[in-house]
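# A closer look at the structure
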Amino acid sequence: MTTWRPHPHIRVVAIGLHWRDGRLLAAEVRDDAGRLKGVRPLGGEIEFRENWRQALMREFNEELGIDITITGEPLVMENIFVHEGATGHEVMFIAEVAFPQGAFSGQDRIDFRENNGEEIVARWFDLADLDIAGGPSLYPTGLKDLLRGRWT
């Protein structure tokens, strides 16, 4: 298992919101012991000379091998968080995305690898099952409140 820690600088990232039957696609986030602690929509860091749209399209292509369509303007959110005792800081562009017709149809989960070799599992989650006692958190913290009523 790969031990992940937040970067020691502010990162600018783009993440995509893909919905299926009112459920949000998100990757599992695990603690060092392998326990599920939360989920986060897919996406990643914006590279130098890349805008948020290019980064979001590149990330989905690298991670899932598909070409997405960005269907709206982004929410912008600042995310300061702690993971396993280390603080992270991100500025996030968060936009709704559409998959090509039939992509991952009939699949309840998507397994893929990050560039560093880390194995990732993504599934569709009902927002009502996130950020509740005994359930996984939705990251970034506060995203669920922003999404309520906007895309569900």
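Note: the structure precedes this text.
So, a few notes on the structure that sits alongside this text.

About the thresholds
- Residues numbered from 1 in each chain as written.
- Predicted model: local features only at pLDDT ≥ 70, side-chain atom pairs only at ≥ 80, totals over all residues.
- Heavy atoms only, no water.
- Helix = DSSP H or I, 4+ residues; strand = E, 2+ residues; numbered from the N terminus.
- Contact = heavy atoms within 4.5 Å.
- Pairing = 2+ DSSP bridges.
- Core = buried A, V, L, I, M, F, W, Y, C linked by side-chain atoms within 4.5 Å.
- Buried < 20%, exposed > 50% of the residue type's maximum accessible area, 1.4 Å probe, protein only.
- Expected span 1.5 Å × (residues − 1).
- Polar contact = N/O pair within 3.5 Å; in protein donor to acceptor, adjacent residues only side chain to side chain.
- Salt bridge = Lys/Arg side-chain N within 4 Å of Asp/Glu carboxyl O.
- Phe/Tyr/Trp six-rings, centres within 6.5 Å; stacked < 30°, edge-to-face > 60°.
- Lys NZ or Arg CZ within 6 Å of the ring centre and 35° of its normal.

## Let's talk about the environment of Asp-108
Take Asp-108: it is sitting in the loop between strand S8 (86–98) and strand S9 (109–113). As for Asp-108 and Leu-42, which are separated by 66 residues in sequence, their C-alpha atoms are 16 Å apart. Leaving out residues up to four positions away in the same chain, Asp-108 has contacts with Ala-122, Arg-123 and Trp-124.

## Quick notes on the pairing of strand S4 (residues 36–40)
Two faces make up the sheet, and in a regular strand the side chains alternate between them. Taken together, the four bridges between strand S3 (residues 23–30) and S4 define a ladder with antiparallel strand orientation. In the strand pairing of S4, Arg-30 is matched with Leu-36. Connecting the antiparallel pair S3 and S4 is a turn made up of five residues, with Gly-34 showing a positive phi of about 90 degrees. With two bridges joining them, S4 and strand S11 (residues 137–138) adopt parallel strand pairing. Counterpart to Val-39 in the pairing with S11 is Leu-138.

## Details of the nonpolar core
By size, the foremost hydrophobic cluster in this structure holds 22 residues, and its most contacted members are Leu-42, Leu-56, Phe-60, Leu-64, Ile-68, Phe-99 and Ile-110. Those elements that provide at least two residues to this core are S3, helix H1 (52–64), S8, S9 and strand S10 (119–126). Apart from the residues lying within four places of it in its own chain, the contact partners of Ile-110 are Leu-25, Leu-64, Phe-104, Ile-120, Val-121, Ala-122 and Trp-124. Grouped together as the second largest cluster of nonpolar side chains are 17 residues, Met-77, Ile-94, Leu-143 and Leu-147 included.

## Observations regarding H1
Taking 1.5 Å as the rise per residue, H1 with 13 residues should run 18 Å; its terminal C-alpha atoms sit 18 Å apart, in good agreement. For H1, the full list of buried residues reads Trp-52, Ala-55, Leu-56, Arg-58, Glu-59, Phe-60, Glu-63 and Leu-64. In this structure, the buried residues of H1 make contact with strand S1 (10–17), strand S5 (43–45), strand S6 (69–70), S8 and S9. The distance from a side-chain oxygen at the start of H1 to the backbone nitrogen of Arg-53 is 3.0 Å, and the residue carrying that oxygen is Asn-51. Looking one or two residues beyond H1, the residue adopting positive phi is Gly-65, at roughly 75 degrees.

## Structural notes on the pattern of salt bridges
Applying the stated rule across the entire model yields 14 salt bridges. Close ionic contact of Arg-53 with Glu-73 constitutes a salt bridge, the shortest N to O distance being 2.8 Å. On the criterion of sequence distance, the pair formed by Arg-53 in helix H1 and Glu-73 in the loop between S6 and strand S7 (75–83) is long-range, its members being 20 residues apart. The exposure class assigned to Glu-73 is exposed, which follows from its relative accessible area of 55%. With a shortest N-O distance of 3.1 Å, Arg-148 and Asp-145 are connected by a salt bridge. Accessibility classification places Arg-148 together with Asp-145 in one group, the exposed group. Beyond isolated ion pairs, a larger network of salt bridges with shared partners links Glu-47, Glu-50, Arg-58, Glu-59 and Glu-62.

## Re the packing of aromatic side chains
A full pass over the atoms with the stated rule returns three aromatic pairs. Between Phe-60 and Phe-99, the aromatic rings sit 5.9 Å apart at their centres with planes inclined by 65 degrees, giving edge-to-face as the arrangement. Pair noted here: Phe-60 is in helix H1 and Phe-99 is in the loop between S8 and S9, with a separation of 39 residues, a long-range link. A relative accessible area of 13% means that Phe-99 is categorised as buried. The rings of Phe-60, Phe-99 and Phe-104 are connected pair by pair, giving a single aromatic cluster. Over the face of the ring belonging to Trp-124 we find Arg-20, whose NZ or CZ atom lies 3.6 Å from the ring centre.

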